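# Residue-level structure breakdown
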Amino acid sequence: MTTTATTALTHIANLVTNDPSLGDGTPLGLIRDAAVVIDGDRVVWTGESSKAPATDNAVDAGGRAVVPGFVDSHSHLVFAGDRTAEFNARMSGRPYSAGGIRTTVAATRAASDDELSANVARYLDEALRQGTTTFETKSGYGLTVEDEARALRIAARHTDEVTFLGAHIVSPDYTDDPAGYVDLVTGPMLDACAPHARWIDVFCERGAFDEDQARTILTAGLAKGLHPRVHANQLGHGPGVRLAVELDAASADHCTHLDDADLDALGQGSTVATLLPGAEFSTRAAWPDARRLLGAGATVALSTDCNPGSSFTSSMPFCVALAVRDMGMTPDEAVWSATAGGAAALRRTDIGRITPGGRADLVLLDAPSHVHLAYRPGVPLIRAVWRAGERVV
């Protein structure tokens, strides 16, 4: 019989639990002068520091804040190459278009498995040092049966939240035959990729895939046991959000251009609206209106969209600050969306919160309150990180 040592984090100035029943009744479930007890990879107790049970080990938070590990539910990390020149040109006035993805496709196809895996590990280490303890990542830069399958195999070495995105754009090999490419994605490519993924995604946008193509691809994925996610309404208004809700997709991602019908659908359905402020920052595009979404009753997540073309950031704290400054969110809402919201977008209940039975993913901030994530943008506030009960930063 084996036993695990218990550890208490004590003297936490403000603990964000994301469980209103444990704290002050707000969605963040704040507990002041708090403690958390970890046993193995799980949280087993939260409450006031003075009432913490005896444990084998103790860590004094010293009056700092603790938040759940960030949940980054949208990233594109299996890639090679660099698009600095494109970014520089765009910042000089050229608008972003979906066609820029082709540059990364060429570089990714040319890279070895080891090179691609090393890149994923590098960006994950960046994210971990900034408090991200769970992340989703996608294929989408191979666009052949072999390259999409290997991208998913590589991704699966690093995370359980793997998404098949063969429908990122029409492959350059099928420029004159988009219908043929849809047949490839829903046939041999899906057969090769489904065993390595949990999710299927499609870029439903002008320059990528229209509504009928997107529905065909997502329903084929569902038949193979993959649950939908949708890149929706980023570059202009379109059918992506409504399609996501129709198919009970876990998330509709971007959600920049919405009409009242889109808002009603998101407010009444279970599909999470995932906002990706790094993309708007990096493309000088219009900001999503988080206030309208929240007012409609939609569940909102925040994620980085880390990718080499339109949002090359791995920093969830940066996205929290952008959401507060430019998307109309309060600091409380942004922190909730970067933790519990991301968990909802992955349909997970074991992460994104600090509650008994949940996975012990915790971030100790070098600040007395979670509000400092937006109040002090760009400042490295992550003092320590625990993932599944193990201190990793």
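See above for the structure.
Summary of the structure given here. Source: prediction; values computed, not measured.

## Quick notes on the layout of surface pockets
Of the volumes computed, that of the largest pocket is approximately 260 Å³. As for the largest pocket, its lining consists of 15 residues, and the residues nearest its centre are Thr 133, Thr 134, Phe 135, His 158 and Thr 159. Looking at the lining of the largest pocket, the elements with two or more residues in it are helix H3 (113–129) and strand S6 (132–138). Per-element tally for the lining of the largest pocket: the top contributor is S6, with 4 residues.

## With respect to the packing of aromatic side chains
One pass over the structure, following the stated rule, counts 7 aromatic pairs. Judged by centre distance (6.4 Å) and plane angle (75°), the rings of Phe 79 and Tyr 141 are edge-to-face. Of this pair, Phe 79 sits in the loop between strand S5 (70–72) and helix H1 (84–90) while Tyr 141 sits in the loop between S6 and helix H4 (145–156), and the two are 62 residues apart along the sequence. Of the residues examined, Tyr 141 reaches a relative accessible area of 2% and is grouped as buried. Connected via pairs of aromatic rings, a cluster forms that spans Phe 79, Tyr 123, Tyr 141 and Phe 312. Positioned above the aromatic ring of Trp 199, the side-chain terminus of Arg 229 is 4.4 Å from the ring centre.

Criteria and cut-off values
Residues numbered from 1 in each chain as written. Predicted model: local features only at pLDDT ≥ 70, side-chain atom pairs only at ≥ 80, totals over all residues. Heavy atoms only, no water. 1 Å grid on protein atoms, 1.4 Å probe; cavity = no way out; pocket = protein on both sides within 12 Å on 5 of 7 lines; lining within 4 Å. Points joined across faces, edges and corners; volume = space filled by probe spheres on them. Helix = DSSP H or I, 4+ residues; strand = E, 2+ residues; numbered from the N terminus. Phe/Tyr/Trp six-rings, centres within 6.5 Å; stacked < 30°, edge-to-face > 60°. Buried < 20%, exposed > 50% of the residue type's maximum accessible area, 1.4 Å probe, protein only. Lys NZ or Arg CZ within 6 Å of the ring centre and 35° of its normal.

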